[in-house]
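Notes for the structure review
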Amino acid sequence: MFSLAACSMDSNSGSTESTTSASASAEPSAEATPVASLPDLSNGVDTQVTVDQSFVDALTSLGLTPAPVGTGTFDGATGTFAFPITGGNVDYYDPSSDVRPYVQGELDHDGSGLSLTAGDTTVELTDFRIDPGESKLYGTVSANGEVVVEDAYLFNLWGGTLKPLQMEGTNAVLEGTTVHISPDAAALLNETFSTDAVQDEMLVGVAKITVATE
């Protein structure tokens, strides 16, 4: 069921399909039944993002220092951030049915995130929420400890390089989706750090989502 999560981007056009959010999508008909369903994702495991060198170079040029927040971690040897999955749910409908988007739900990452610091200014992006139907990631934005925006649209998830679903024991692993800065996040970061160098759709890195199925 996770082979389509976070990958409803058209790899040929590089643009998002015309889908609405899972909460605003067309209601399934009375006959529509999910092919697969995970009603509770509170068993984890995590979403990892291996940062691309181009993003590291961009942060360096801006004088920004990234760091994990809360329960988030960073592996310096691999350049990988990890954010524990704390909840959510996913339903997967037959793609040939009338239900759109056919992957619905969310993956929650409460209590973790990353920070970007330059001088006396620190911006934290936390409490990530992945919407697989939209292929978007949302989160809370704080500046110097004060919440600026809740549930802000932060990143796009492109599935053109997605690898086939793999199982590691009872965990489902989805790897290869690329993560890009959203136009909203680019505008916010540029305003906060007084620059115009943060570009819409800037590549951040490659994601690996590991979900406990039991």
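First, a word on what this report is: a plain description of the structure on this page. Quick caveat, the model's predicted, so the values are computed rather than measured.

This part is about empty space enclosed by the protein. One pass over the structure, following the stated rule, counts three cavities of 30 Å³ or more. The volume enclosed by the largest cavity comes to roughly 200 Å³. Of all elements in the fold, only strand 4 (45–51), strand 7 (80–84), strand 9 (103–118), strand 10 (121–131), strand 12 (146–158), strand 14 (171–181) and strand 15 (203–212) reach the threshold of two or more residues within the lining of the largest cavity. Partitioned by chemical class, the residues of the lining of the largest cavity number 18 nonpolar, three polar and no charged.

Grouped together as the largest cluster of nonpolar side chains are 41 residues, with contacts concentrated most on L107, L125, L154, F155 and I181. When residues no more than four places from it in sequence are discounted, the contact partners of F155 are L125, S135, K136, L137, V179, H180, I181, S182 and V204.

A separate point is helix 1 (residues 53–62). Buried within helix 1 we find F55, A58 and L59. The buried residues of helix 1 occupy an angular sector of 95 degrees when the element is viewed end-on, so they sit on one face. Relative to its buried face, helix 1 has exposed residues pointing more than 90 degrees away, namely Q53, T60 and S61. Turning to helix 1, the residues buried within the fold contact strand 4, strand 5 (65–70), strand 9, strand 14 and strand 15. Positive phi shows up at G63, right after helix 1, with a value of about 75 degrees.

Here we come to the pattern of salt bridges. Opposite charge on two side chains allows them to pair when their charged atoms are near. Under the counting rule described, the total for this entry stands at two salt bridges. Between R129 and E106 there is a salt bridge; the shortest N-O distance is 4.0 Å. Taken together, the positions of R129 in strand 10 and E106 in strand 9 put the pair 23 residues apart, joining distant regions of the chain. Assessed through its relative accessible area of 17%, R129 is described here as buried. The residue D151 makes a salt bridge to R129 at a minimum N-O spacing of 3.0 Å. Of this pair, D151 sits in strand 12 while R129 is found in strand 10, placing the two residues 22 residues apart along the sequence. What makes D151 partly exposed here is its relative accessible area of 43%. Overlapping salt bridges bring together E106, R129 and D151 as one network.

Parameters at a glance
- Residues numbered from 1 in each chain as written.
- Predicted model: local features only at pLDDT ≥ 70, side-chain atom pairs only at ≥ 80, totals over all residues.
- Heavy atoms only, no water.
- 1 Å grid on protein atoms, 1.4 Å probe; cavity = no way out; pocket = protein on both sides within 12 Å on 5 of 7 lines; lining within 4 Å.
- Points joined across faces, edges and corners; volume = space filled by probe spheres on them.
- Helix = DSSP H or I, 4+ residues; strand = E, 2+ residues; numbered from the N terminus.
- Nonpolar A, V, L, I, M, F, W, Y, C, P; charged D, E, K, R; others polar.
- Core = buried A, V, L, I, M, F, W, Y, C linked by side-chain atoms within 4.5 Å.
- Buried < 20%, exposed > 50% of the residue type's maximum accessible area, 1.4 Å probe, protein only.
- Contact = heavy atoms within 4.5 Å.
- Arc of directions from axis to C-beta.
- Salt bridge = Lys/Arg side-chain N within 4 Å of Asp/Glu carboxyl O.

Honestly, that's just the spatial picture; any functional story needs more than this.
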